[in-house]
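Report on the structure
The chain contents come next:
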Amino acid sequence: MEFRLLGPVEAWDGGRCLPLGGPKPRALLAALLLAAGKVVSSERLVDVLWGDDPPKSAHALVQTYVYGLRRTLAEGGGSEVIETRLSGYAALFQPGRLDVESFEQLVADGRLHAADGDHERAAESLRAALSLWRGSALGGIGHVLRGEAARLDETRLLVLEERLDAELALGRQAEAVGELTELVRAHPARERPRAQLMKALYRLGRQADALTVYHEGRQALADELGVNPGTELQDRYEAVLRADPALDSAPPASPPRRSGPGAVPAHLPRGVADFTGREKPLAELAALLGAASDTLTVCVISGKGGVGKSTLAVKVAHQVTPAYPDGQLYADLRGGTGSPAPALEVLGRFLRALGLPPAAIPETVPECVDAYRSAVSGKRLLVVLDDAGTEQQVRPLLPGSPTCAVLITARRRLAGLDGVRVNDLDVFDTEAGVDLLARIAGSARVHDEHEAAERIVRLCGHLPLALRTAGARLAARPHWPLATLALRLADERRRLDELTAGDLEVRASVGLSYRGLDDAAKRAFRLLGLLGVPDFASWVMAALLDVPEAVAEGVVDRLLDAQLLDHVAVDAVGQTRYRLHDLLRVYAAERAEMEDPPEERAAAVTRVLGGWLWLITRAAAARPSGALALRPEYTTARPVDADIPDEAAGDWFNAESPALVVAVERAAAMNLHEVACEVAAALCSSSFWLDARFEEWRRTHEAALEAARRAGDPLAEATLLVGLGQLRYRQDRYPEAHGFFRQALPLLRAGGDSHGQAVAITGIGTTCREQGDLAESLVHLRQAGDTFRELGDDAGIGHVNRLAGSVLLEQGEFATAHALLDDALAAFRRLGSGRGEGLTLRSIGLVHRAVGELDQAEALSARAVVLLREAGDPLMAAYAVQALAKTRIRLGGDTGILPELLDALRVCERHGDRFGVALVERTVGELHLARGRYALAEEHLCRAAEAWDRLDLPLFRARTLRDLAAVRAATGDGPSAASLRAEAAAVFAKFGTREYGELGCSRN
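Read on for an overview of the structure. (Residues numbered from 1 in each chain as written. Predicted model: local features only at pLDDT ≥ 70, side-chain atom pairs only at ≥ 80, totals over all residues. Heavy atoms only, no water.)

Our next topic: the overall build of the chain. A tally of helices and strands in the chain yields 45 helices and 16 strands. Here the C-alpha atoms of the chain give a radius of gyration of 39 Å, more than 25% beyond the 30 Å that 2.2 N^0.38 yields for 1004 residues. C-alpha atoms of the chain, sized along the principal axes, occupy 125 × 65 × 55 Å. Per-residue burial for the chain yields a buried fraction of 54% across its 1004 residues. By element, 51% of the accessible surface of the chain is carried by carbon and sulfur atoms, the whole surface being about 41700 Å². (Helix = DSSP H or I, 4+ residues; strand = E, 2+ residues; numbered from the N terminus. Rg over C-alpha atoms; globule rule 2.2 N^0.38 Å. Buried < 20%, exposed > 50% of the residue type's maximum accessible area, 1.4 Å probe, protein only. Areas by Shrake-Rupley, 256 points an atom, 1.4 Å probe, with all protein chains shown as cover.)

So, in structure tokens, the structure goes:
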């Protein structure tokens, strides 16, 4: 069975053309054939057949077309041509059965002959290649695959021009002029055939006609493109004008290139003078290549573009040269470019270098492979294959003799090669990076500005090519301080522009890898750069591309193979995490800005943020924290194919935190304020996010707030102001928190957001409570509670009643406090919030302790500790431990109290909770006071008093002063004790707390 794409899409069984059906089935078959055995996803086929407007039944139609094609091909004996794979389909066919492959092989042969000066054979091969064409490429399938059809048609024109060059080199201008005239008429803006026609006409004595052809071309270029003729056409015009003798005859054939008998090839390029930082892989590779072996030694150096693979390979090759007295062959395979070196071309060069006359070099790859392996058999020969693209490109170039060795560099690991030793080359560490910078820019400069040098290394992503380029820039500018370059590199928008020096250019290196990707992988790479996250889980790729997880995994694999993506680790939740190197991310973001429409960029980022939002809300719903949600619902959440076990939600938040922050900032910068605001708000409402992530909290809220203000969205602005108020409350910065809540409230009222108003009013009441304004606190908490009851919001009811109960406890209203706390407990239990239940049981325990019911207080506090630890809230569990310890102090117990309190103190310190630190310090002081350890008691109580003073919380300071008064009294310092009691009593009287009446009777 044969397949034809160079004209109408056809399948032939011997002399019979099989009926393939209409344009859509033929387009599907063409897409599979063009992929040459690679899997084409169902999504890609839908895109090929219908573009941006597929019908709802598109996937089902693809399956129908595949079924029909299989049935038709089976009639011709091709039942296994189309194979179903996990994520799509692949076309499998024998070599030589597709006209495109035959065309490309004949073209490669022709170009090889032309390079050797054999114009006769070049013309024959190219003529044979062109004879395979039957019309426009992929004819009869409409605009489907028009990009690939255009590429093939352009290649056909290039080959036609090359064949005409060969004809002119043979002096066949009379035969060529008619064909050239037609070609110029059909393509008036193509300059090469016009220049060829001018040469042919001049040789036929038609100088005036040749000049006319030029002037017509100049006019055509001006009319169609608005440009002047290029250098080649202008040079041909001037040569005709001055009757250049070079036009009269064909150029002489290239002299045969060969090594004489017994010649030893020595093809290695010159090594770099400033080689550094690769001592370990250098030693390992040199040992492998320098040792005798009973099998062929093949080593692969793999890594991303610019990591220094070629530099290391050349260094190793020069070092082991003495072990290979029969020579060293070297070839740049150009695997990272759009025109990789064909095996026939490389084998021809190798055979000539090994002494084979050009006339004796075979014309096919299999025959060349046989000749090559025979020529190197038994020789101690090193073959260096630089920049390999694929295993298929390398296999024909491998010697068969175990006396030889092969060293390959590639951006992929080439794991498909048998028995290879792969050395994955990573970027430099900081020390090696600074060393390379010093070798190029000057050690004295780097020594004098070592900190700036390290900053340059970081901004270059530790990539050797980037560092070499940066060093070259500094060497060319001796007047520049290193800090100047560091400052210029800090601007991501200019970074790749700065990393250019002569022919060293990071952007070009990355571009080679990028251009080697398929369309889906290119788009994924661009969008990852746009998203800008430091690392990401595998589901992010599916959301970014809006494709199923299985398809996304294939794209990730291709990016990994191309060394454009790095595997980081498997996180604590079991998600595989990946990252883009910083410079690759900058390049990818550039390409996204250039190639992806703004609406597509916005949609991709929104999908990923929506996925995170969905996961956050699911985790929060599975284990309700009892905290107030800034928003009752989220409209931008989007389901994704990811699973977070309930018990691992905290680990998931830890893993995702850095990416979430960057993604919110990126969305805000793109003016996607709705999704940025909702994700920031959802994070703020999650107990897992509250573990001292104050800086991340601030960054997400401030970025989203600026975007909301730019968009003129007052409700979004108010939501974020409330979130910032909650942040300041958590940081014990109560006046600032109060200000944010007050600032948000009129915006929420104007927008009619009842839930938001209740949250803001709760915040106001809470800050009043902490600052001792108990009466004002109750007014606001009761107002918020009424709204939450109207809304049926159990989280709000539980939260407000718990806070109001604690205020009433402060005022000595024990029965009313207990009733409100019971209501809070019921609300949290309806909600299913173990955390809310634990916090409330702690508060109820405080009521029992205040009235002297110590056994009940101990039991409730102990239960609160268990619930809060189970809820994954170590900070609030520390507060429960403090309450339990204080009750046990009252009960007179001592076993285990101090270690538990010190553990609680460390938790509060780790979370940056200054209030908690002061609270536990006071309790430790009370324990020492109760046990008669007065010096230790005074030490801890003084620390607590100083902490309350820094927090500007006079009520809590007064309670600590009362304890200090007891210490002074016990140590015989009666005047000091009386002074401290009087100072405390004045504060209790001012705030109207129960301690004023209790002073001298008991301690709370």
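After presenting the structure, the write-up continues.
Let's shift gears to the sheet that holds strand β14 (residues 536-537). Strand pairing within a sheet occurs via backbone hydrogen bonds; the two strands may be parallel or antiparallel. Taken in spatial order, the three strands make up an open sheet running β14-β16-β15, and their pairing is antiparallel. The two strands at the open ends of the sheet, each matched to only one other strand, are β14 and β15 (566-570). (Pairing = 2+ DSSP bridges.)

What follows is about the state of the cysteines. Applying the stated rule across the entire model yields zero disulfides. Cysteine C299 is unpaired, with the sulfur of C404 as its nearest cysteine sulfur at 14 Å. (Disulfide = S-S within 2.5 Å.)

Turning to the environment of L437, a few remarks are in order. By the element assignment, L437 lies in helix α16 (residues 430-441). Each C-alpha atom, one on L437 and one on L467, is 6.3 Å from the other, the two residues being 30 residues apart in sequence. The residues contacting L437, other than those within four sequence positions of it, are G442, V446, A453, I456, L467, A470, G471 and L474. (Contact = heavy atoms within 4.5 Å.)

Take the environment of L672 next. Among the structural elements, L672 can be located in the loop between α28 (649-669) and α29 (673-684). With relative accessibility at 15%, the residue L672 sits in the buried group. For L672 and A602, which are 70 residues apart along the polypeptide, the C-alpha to C-alpha distance reads 7.3 Å. Among all residues touching L672, those that are not within four sequence positions of it are A602, V605, T606 and A667.

Relative to the elements of secondary structure, R769 occurs in helix α33 (residues 754-770). Within the local environment of R769, its side chain forms a polar contact with the side chain of E770, the two groups lying 2.4 Å apart. If we ignore the near neighbours within four places in the chain, the residues touching R769 are Y729, L774, S777, L803, S806 and V807. (Polar contact = N/O pair within 3.5 Å; in protein donor to acceptor, adjacent residues only side chain to side chain.)

Structural measurements only, silent on function.
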